[in-house]
Amino acid sequence: MSQLLPQNLAPIRWRKLIPLAFITYSLAYLDRANYGFGAASGLAHDLNITPGISSLLGALFFLGYFFFQVPGGIYSERRSAKKLIFWSLILWGILATATGIVHSVAALAVIRFLLGVAESVVMPAMLVFLSHWFTKRERSKANTFLFLGNPITVLWMSIVSGYLVNFFGWRGMFIIEGVPAIVWAVIWWVIFVDRPKDAKWLTDQEKQDLETALAAEQVEMKPVKNYAEAFRSKKVLALSFIHFFWNIGMYGFIMWLPSILKTASGLGIVATGWLSAAPYLLAVPLMLTASYFSDKFQQRKLVVLLFLGLGAVCFCGSFTLGADHFWLSYVLLVIAGGAMYTPYGPFFAAVPELLPRNVMAGAMAFIVSFGALGSFVGAWIVGYLNGIFQGPQASYVFMGGSLVIAVILTALTGFSNKTSAQAASKAVALP
């Protein structure tokens, strides 16, 4: 058999699988990020919620999200991502819609927590799923198409939610935006396949070639006995804390950007929606370019360090200028938001290159769970600080400081496993 390059391995995978992953992850982001618009457009007033409680309600999602990451990742590896995400779609669609009919803070708190539980399995399950289908030379690009569901969804959601709130109120917005997940569950069940061997649209030769290329990546990778050993790994812990501090800045930004911009600009909710969309528009070309560079040159750490550093610098610059220079401060905030999104594909592409298959799913979910904990801290503390100080100044410092810590940790952490990478690159040249 002639040498096979990654791009020769069943090109149909990209057409069949990437849209499926993208849409599923997009719907998850739709139903978690729209809380910021509800909070900025009357939810807190109608339910008599104080700023501190509002920030906690927004953050409760991520607390539920935190607890079920690892079980979700392990279940997807050992059993089936198909069943797990099918039921998750239905449950989170029902809960997201129910947000629009609540009349008490207690009910809203329960829904926000359970919504986090329902969606917690999606990210680790999807990352494990993509690792079953795409090789090392493709993985950053595949991951990036998955993560593009985040900025692209928040991009159009920021605009559409503004109009929905304007015409139907915050209740109508939640109800309308919760329905698509339930509809998509049916489509997911019909189309999705867990592994190459299950795909009727691959030839036997394509299945064999793909499985051989993926198996080659495991050759001579340093063995790890169990999940406990993987979770104690210095690199896994380092990546976990990078993700934690990164997500403090990221989700503080996502959850409270509409409120921050509305307060600073004095504009209405529709105009705020358009302003809120710009960082996510910028993120799309940045993410695609970064993933191409990361896969072509196998530079995971450099990409993460470069864009996290850019995000931290622009974020701190935006805070320094303040509301007195709103439009220049806003431009820097747009760049910061786009830059923060950019490295997700390369970052998670590094994990399967550091750990063998028997523990990769659990370790991936462990890292994701730390990010969820950071998201909880960011969403809660940013909203709390905004309420206490009647403005975003303190929350800017908090988010910017967290991003700086993430950059420092990235600079100190090794992202490569040279022995396994060299072995895999030799083994992938099939006889």
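The notes below deal with the structure included here. (Residues numbered from 1 in each chain as written. Predicted model: local features only at pLDDT ≥ 70, side-chain atom pairs only at ≥ 80, totals over all residues. Heavy atoms only, no water.)

So, on to the overall build of the protein. A tally of regular secondary structure across the protein gives 21 helices and 0 strands. When burial is assessed residue by residue, the protein has 60% of its 431 residues classed as buried. Partitioning the contacts of the protein with sequence separation of at least 6, the portion at a separation of at least 24 is 85%. Just so you have it, the protein exposes about 16,600 Å², and 69% of that area is on carbon and sulfur atoms. Of the side-chain charges in the protein, 30 are positive and 18 negative, and the distance between the mean point of each set is 4 Å. (Helix = DSSP H or I, 4+ residues; strand = E, 2+ residues; numbered from the N terminus. Buried < 20%, exposed > 50% of the residue type's maximum accessible area, 1.4 Å probe, protein only. Contact = heavy atoms within 4.5 Å. Areas by Shrake-Rupley, 256 points an atom, 1.4 Å probe, with all protein chains shown as cover. Lys, Arg positive; Asp, Glu negative; His and termini not counted. Charge placed at Lys NZ, Arg CZ, Asp CG, Glu CD.)

On to the packing of helix H1 (residues 12-33) against helix H7 (residues 105-119), then. Running from N to C, H1 and H7 cross one another at 165 degrees; their axes reach a closest spacing of 11 Å. Compared by their axis directions, H1 and H7 come out roughly antiparallel. When you trace H1 past H7, the crossing you get is left-handed. Across the interface between the two elements, Ala28, Asp31 and Arg32 of H1 pack against Arg112, Leu115 and Glu119 of H7. (Axes fitted to C-alpha atoms, helices over the stretch in contact; angles between N-to-C directions. Parallel < 35°, antiparallel > 145°, perpendicular 65-115°, else oblique. Left-handed = near helix turned anticlockwise from the far one by under 90°.)

For any pair of aromatic rings, the description rests on two quantities: the centre-to-centre distance and the angle between the ring planes. Within the structure shown, the criterion is met by 28 aromatic pairs. Ring geometry for Phe366 and Phe370: centres 5.1 Å apart, planes at 55 degrees, overall tilted. Of the two residues, Phe366 and Phe370 both sit in helix H19 (residues 357-389), 4 residues apart, roughly one turn of that helix. Classification of Phe370 as buried rests on a relative accessible area of 16%. Among the aromatic side chains, those forming a connected cluster through ring pairs are Tyr25, Phe147, Trp246, Tyr344, Phe347, Phe348 and Phe415. A cation over an aromatic ring shows up here: Lys82 above the ring of Trp189, its NZ or CZ 4.7 Å from the ring centre. Above the face of the Phe297 ring, Lys296 is positioned so that its terminal group lies 5.7 Å from the ring centre. (Phe/Tyr/Trp six-rings, centres within 6.5 Å; stacked < 30°, edge-to-face > 60°. Lys NZ or Arg CZ within 6 Å of the ring centre and 35° of its normal.)

One finds Trp246 and Phe348 to be the most contacted residues of the largest nonpolar core, which totals 137 residues. Setting aside its immediate chain neighbours within four residues, Trp246 contacts Leu308, Met340, Pro343, Tyr344, Phe347, Leu403 and Ala406. (Core = buried A, V, L, I, M, F, W, Y, C linked by side-chain atoms within 4.5 Å.)

Turning our eyes to something else, we now look at the environment of Thr413. Looking at the element boundaries, Thr413 is found in the loop between helix H20 (393-412) and helix H21 (418-427). In sequence terms Thr413 and Ile242 are 171 residues apart; their C-alpha atoms lie 9.2 Å from each other. Apart from residues no more than four positions distant in its own chain, Thr413 is found in contact with Ala238, Leu239, Ile242 and Lys301. Looking at Thr413, its side chain comes within polar contact range of the main-chain oxygen of Leu409, at 2.7 Å. (Polar contact = N/O pair within 3.5 Å; in protein donor to acceptor, adjacent residues only side chain to side chain.)

Counted under the stated rule, the structure contains 0 disulfides. Residue Cys314 stays outside any disulfide, its sulfur separated by 9.5 Å from that of Cys316, the closest cysteine. (Disulfide = S-S within 2.5 Å.)

On to the side chain of Ser369, then. The topology assignment puts Ser369 in helix H19. Classification of Ser369 by relative accessible area gives buried; the value is 4%. A polar atom in the side chain of Ser369 sits 2.6 Å from the backbone oxygen of Phe366.

The subject of this paragraph is a nonpolar patch on the surface. A cluster of nonpolar residues, Val179, Val183, Val186, Ile187, Val190 and Ile191, forms a patch on the protein surface that exposes about 500 Å² of accessible area. The partly exposed category is assigned to Ile187, whose relative accessible area is 33%. (Patch = residues over 30% accessible without salt bridge, like charges linked within 9 Å, V, L, I, M, F, W, Y side chains within 5 Å. Salt bridge = Lys/Arg side-chain N within 4 Å of Asp/Glu carboxyl O.)

Note on placement: Ser26 falls in helix H1. Among the residues examined, Ser26 registers a relative accessible area of 8% and is labelled buried. The contacts of Ser26, once residues within four sequence positions are left out, are Gly149 and Thr153.

A few words on the packing of helix H8 (residues 122-131) against helix H9 (residues 136-147). Where H8 contacts H9, the two axes come as close as 10 Å, and the packing angle between them is 145 degrees. When the axes of H8 and H9 are compared, the crossing they make is right-handed. Residues Met123, Met126, Leu127, Leu130 and Ser131 of H8 form the contact with H9, whose own contacting residues are Arg139, Ala142, Asn143, Leu146 and Phe147. Residue composition of the contact of H8 with H9, by class: 7 nonpolar, 2 polar and 1 charged. (Nonpolar A, V, L, I, M, F, W, Y, C, P; charged D, E, K, R; others polar.)

Here we take up H1. Its 22 residues place the ends of H1 32 Å apart at the C-alpha level, agreeing with the 32 Å of an ideal helix rising 1.5 Å per residue. The largest bend along H1 measures about 25 degrees and falls at Ile18, with the proline Pro19 one to four residues further on. Burial analysis of H1 places 16 of its 22 residues in the buried class, which makes it a mostly covered element. (Expected span 1.5 Å × (residues − 1). Bend = angle between axes of the 7 residues up to and from the residue.)

The full count for this structure, using the stated rule, is 7 salt bridges. Glu77 is the partner of Arg357 in a salt bridge, and the nearest nitrogen-oxygen pair spans 3.7 Å. Of this pair, Arg357 sits in helix H19 while Glu77 sits in helix H5 (residues 69-78), placing them 280 residues apart in sequence. Two residues, Asp198 and Lys197, come together in a salt bridge whose shortest N-O distance is 3.3 Å. Classification of Lys197 by relative accessible area gives exposed; the value is 55%. Through salt bridges with shared partners, a single ionic network connects Glu77, Arg195 and Arg357.

Glancing now at H8. Counted residue by residue, H8 has 10 buried out of 10 residues, so it is predominantly covered. Of the positions making up H8, those classed as buried are Val122, Met123, Pro124, Ala125, Met126, Leu127, Val128, Phe129, Leu130 and Ser131.

Scope: geometric values only; no functional claims are made or implied.
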